[in-house]
Amino acid sequence: MPPRIPLRRHRRTKIVATLGPASSTPEVLERLYRGGADVFRLNFSHGSHEDHAARIEMIRALEKKVGRPIGILADVQGPKLRVGRFQGGRVQLQTGQRFRLDMSATPGDVRRVQLPHAEIMDAARIGTTLLLDDGKLRLRVVHKRDDHLETEILVGGPLSDRKGVNVPDVALPIPALTEKDRADLDFVLPLGIEYVGLSFVQRPEDVAEAKAIADGRAWVMVKMEKPQAVENLEGILALTDCVMVARGDLGVECPPEEVPLIQKRIVRAARALGKPVVVATQMLESMITAPAPTRAEASDVATAVFDGADAVMLSAESAAGQFPFEAVNMMDRILTRVEQDDGWRQITDAARPAPEKNSAGAIAAAARQVAETIEAEVIATFTATGSTTLRVARERPGSPILGLTSSEATSRRMAVVWGVHPLLSAEPHSMTDMVHKAVRAAQAEGFASTGDEVVVTAGVPFGTPGTTNALRVAVVK
């Protein structure tokens, strides 16, 4: 048999691509992967279980074909707050007028419409702001009754059936997981996915509930899209496995000028904890209908790289756009070019958090330092659960990271982690065997050749989760 040609990325930041009508054939899926996608997102706000099962099957077939682990993110919808329907399907609300939100299912008009969410009625107060249709319309509560809210229209405009409602001022007593979400997770978790995208998170308790359902079968990826979640950032990050800066709803509920600062804060906090962080929403939005992005969009992607994000994400661009491959390929080109810049390396090094104050953190920091000093071609990490590899990735080393694991699930989860080239490898039996396997893998994957040095780190005894206590330097012979 001819030797396998290794398929590796020449960048550290990963790409998450959402699948949809524009990207649900084996041919397009393979083009997206070869164009740069490392993780595929399934959006459970759209599509049937059968649609998602077919996409998972295609991804796993592609994985076998290319011989590389591919991550799958199942993004559940969460509670969607919406107004009811109108008599003509649409009304024009005038600024300064009054508008009632009530519980009646009777189709609405310019004076009132149904708001079928008793939780909002209970939680709202005089002065509470309500945003409709992604923030295009703004209302303020002026009177409150048990069964309705009387509001003043601060910003009017057209409003049609079933448009969304955001309540930025209030923590709503609504669980992050709906019955639909639970049914979706019951369906998709047994199929083997790597990450659960958790929408509408407000409190750490929301994360705990999702982790109990996942039960170790997938990492929980909290979507930061509510002001209340930002307020509870520390507690949420302590529980979650990874995090997404979901700038769509975040940009509706928070002032636009705050969103870039919130993005930086979340990325910085997640990186300090060594937890993967994805920046998402409207990154190359114009490429839904155009073959090239705006200059501002290219700068936005670059900013996420400079911030230190593990991954950036495409939504409608790859799911329903006219140019899904071009969007993925453009994102790949931007990431690669930014990471070639000397200024990026300087900023990355300057933003490095202090080592964790334990032996595992010290070993990870030492692996980076040793690799830089001897100019090692690669850092090889052996990991059972991913913890060793995550610790080294937290250091943002100059050398690529070869994530070796005997666990198929762990290798796929590593697909979203900064700088990691995941690879299935039999568990080593001794230090000598560990070094041998690391050197052979580095050669086979195109990272090192004869005479090159490889830094190797692992936890001993092998296969014990959470231990990172061994460091070796090997020469390829």
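Residues numbered from 1 in each chain as written. Predicted model: local features only at pLDDT ≥ 70, side-chain atom pairs only at ≥ 80, totals over all residues. Heavy atoms only, no water.

**Q** Got a minute to help me understand the nonpolar core in this structure?
**A** Nonpolar side chains tend to gather and get buried jointly when the protein is soluble and globular. Counting residues in hydrophobic clusters, the biggest one holds 71 residues, and the most contacted among them are Phe40, Ile193, Met224 and Met331. Ranked by residues supplied to this core, first place goes to helix α12 (residues 324–339) with seven residues. Among residues more than four places away in sequence, those in contact with Met331 are Ile15, Met283, Leu284, Val301, Val312, Met313 and Leu314. (Core = buried A, V, L, I, M, F, W, Y, C linked by side-chain atoms within 4.5 Å. Buried < 20%, exposed > 50% of the residue type's maximum accessible area, 1.4 Å probe, protein only. Helix = DSSP H or I, 4+ residues; strand = E, 2+ residues; numbered from the N terminus. Contact = heavy atoms within 4.5 Å.)

**Q** Hey, could you run me through the sheet that holds strand β5 (residues 98–102) in this one?
**A** Working definition: the strands of a sheet are paired by backbone hydrogen bonds and lie parallel or antiparallel to each other. The mixed open sheet is built from six strands, whose spatial order is β6-β5-β9-β8-β7-β11. In this open sheet, the two strands that pair with only one neighbour each are β6 (112–114) and β11 (165–166). Bridging between β5 and strand β9 (residues 148–155) involves five bridges; their strand directions are antiparallel. Within β9, the position partnered with Asp102 by the bridge is His148. (Pairing = 2+ DSSP bridges.)

**Q** Would you take a moment to explain the pattern of salt bridges for this structure?
**A** Think of it this way: side chains of opposite charge can pair up when their charged atoms draw near. Following the criterion strictly, the structure yields 33 salt bridges and no others. Arg34 serves as the salt-bridge partner of Glu30, at 2.9 Å between the closest nitrogen and oxygen. Linking Glu30 with Arg34, this pair stays in helix α1 (residues 26–35), spanning four residues, or about one helical turn. The shortest N-O distance in the salt bridge between Arg100 and Glu150 comes to 3.1 Å. Of the two residues, Arg100 sits in strand β5 while Glu150 sits in strand β9, which places them 50 residues apart along the sequence. By relative accessible area, Arg100 is classed as partly exposed at 32%. Taking relative accessible area as the criterion, Glu150 reaches 16% and is therefore assigned buried. If you follow the salt bridges from partner to partner, you end up with Arg60, Glu63, Glu194, Glu408 and Arg412 in one network. (Salt bridge = Lys/Arg side-chain N within 4 Å of Asp/Glu carboxyl O.)

**Q** Just to check I follow, could you spell out unusual backbone geometry for this structure?
**A** A negative phi holds for most residues other than glycine; trans holds for most peptide bonds. Cis geometry is adopted by the peptide bond preceding Pro461, which originates at Val460 and carries an omega value of 5°. With respect to the helices and strands, Pro461 occurs in the loop between β20 (453–458) and β21 (470–475). Phi is positive for Gln282, which is not a glycine, with a value near 60°. Relative to the helices and strands, Gln282 resides in the loop between β15 (277–280) and α10 (295–307).

**Q** What am I meant to see in the layout of surface pockets here?
**A** Over the atoms rolls a probe the size of a water molecule, and in doing so it shows where empty space is left. Each pocket or cavity is described by its volume, and for the largest pocket that value is around 1400 Å³. Lining the largest pocket are 50 residues, with Lys80, Asp134, Gly248, Asp249 and Thr281 positioned closest to its centre. Put simply, the parts of the chain that give the lining of the largest pocket at least two residues each are β1 (14–19), β2 (39–43), α2 (49–66), β11, β14 (242–246), α8 (247–253) and α11 (316–319). Along the lines of polarity and charge, the residues of the lining of the largest pocket split into 16 nonpolar, 16 polar and 18 charged. Both domains that meet at the lining of the largest pocket, namely domain 1 (14–78 + 175–341) and domain 2 (90–166), each give it at least three residues. There is about 360 Å³ of room inside the second largest pocket. Along the wall of the second largest pocket there are 15 residues; nearest its centre are Leu273, Gly274, Lys275, Ser387 and Leu390. Within the residue set of the lining of the second largest pocket, elements represented by two or more residues are α9 (259–273) and α15 (387–394). The element best represented in the lining of the second largest pocket is α15, accounting for four residues. (1 Å grid on protein atoms, 1.4 Å probe; cavity = no way out; pocket = protein on both sides within 12 Å on 5 of 7 lines; lining within 4 Å. Points joined across faces, edges and corners; volume = space filled by probe spheres on them. Nonpolar A, V, L, I, M, F, W, Y, C, P; charged D, E, K, R; others polar. Domains from an automatic or database assignment.)

**Q** Just checking my understanding: could you explain the UniProt feature "domain: Pyruvate kinase barrel" (unreviewed entry) in the protein for this structure?
**A** In the numbering adopted here, UniProt assigns the feature "domain: Pyruvate kinase barrel" (unreviewed entry) to residues 11–328. The annotated region residues 11–328 carries 35% helix and 24% strand content, and the separation between its end C-alpha atoms amounts to 14 Å. (UniProt positions renumbered as here; feature names shortened; annotations may be inferred.)

**Q** What am I meant to see in the side chain of Gln202 here?
**A** When you line up the elements, Gln202 lands in the loop between β12 (195–198) and α5 (204–214). Setting aside residues up to four positions removed in sequence, Gln202 forms contacts with Val170, Ala171, Leu172, Ile174, Lys226, Gln228, Ala229, Asn232 and Ile236.

**Q** Whenever I open this one, α15 confuses me. Can you help?
**A** Most of α15 is tucked away: eight of the eight residues are buried. Following α15 by one or two positions, Arg396 has its phi on the positive side, about 50°.

**Q** Even after reading the chapter, I still don't get the pairing of β12, so can you show me in this structure?
**A** It is a general feature of regular strands that their side chains alternate between the two faces of the sheet. By the alternation rule, side chains of β12 split into Tyr195 and Gly197 and Val196 and Leu198, which are all buried. Judged from the three bridges that link them, strand β3 (residues 71–75) and β12 form a sheet pairing that is parallel. Bridging across to β12, Asp75 finds its partner in Gly197. The pairing of β12 with strand β13 (residues 219–224) spans four bridges and is classified as parallel. By the bridge assignment, Gly197 is partnered in β13 with Met221. For the segment spanning β12, α5 and β13, crossover handedness is right-handed. (Right-handed = clockwise from strand over helix to strand, strands pointing away.)

**Q** Can you walk me through the side chain of Asp332 in this structure?
**A** Mapping Asp332 onto the fold places it in helix α12. Taking relative accessible area as the criterion, Asp332 reaches 18% and is therefore assigned buried. Among the polar contacts listed, one links the side chain of Asp332 to the side chain of Arg11, at a separation of 2.6 Å. (Polar contact = N/O pair within 3.5 Å; in protein donor to acceptor, adjacent residues only side chain to side chain.)

**Q** So what exactly am I meant to see when it comes to the packing of α1 against α12 here?
**A** A pair of packed helices can be characterised by two numbers: the angle between their axes and the separation between those axes. Between α1 and α12, the least distance of the axes is 8 Å, while the angle of their chain directions is 10°. The orientation of α1 with respect to α12, classified from their angle, is roughly parallel. Seen from α1, the contacting residues are Arg31, Leu32 and Gly35; seen from α12, they are Pro324, Phe325, Val328, Asn329 and Asp332. Here the contact of α1 with α12 is composed, by residue class, of four nonpolar, two polar and two charged. (Axes fitted to C-alpha atoms, helices over the stretch in contact; angles between N-to-C directions. Parallel < 35°, antiparallel > 145°, perpendicular 65-115°, else oblique.)

**Q** Any chance you could explain empty space enclosed by the protein here in plain terms?
**A** For the coordinates displayed, the defined rule picks out two cavities of 30 Å³ or more. Put simply, the parts of the chain that give the lining of the second largest cavity at least two residues each are α9 and α15. With three residues, α15 is the single largest residue contributor to the lining of the second largest cavity. Class assignment for the residues of the lining of the second largest cavity results in five nonpolar, one polar and five charged. In this structure, the lining of the second largest cavity is formed jointly by two domains, domain 1 (14–78 + 175–341) and domain 3 (359–476), each of which donates at least three residues.

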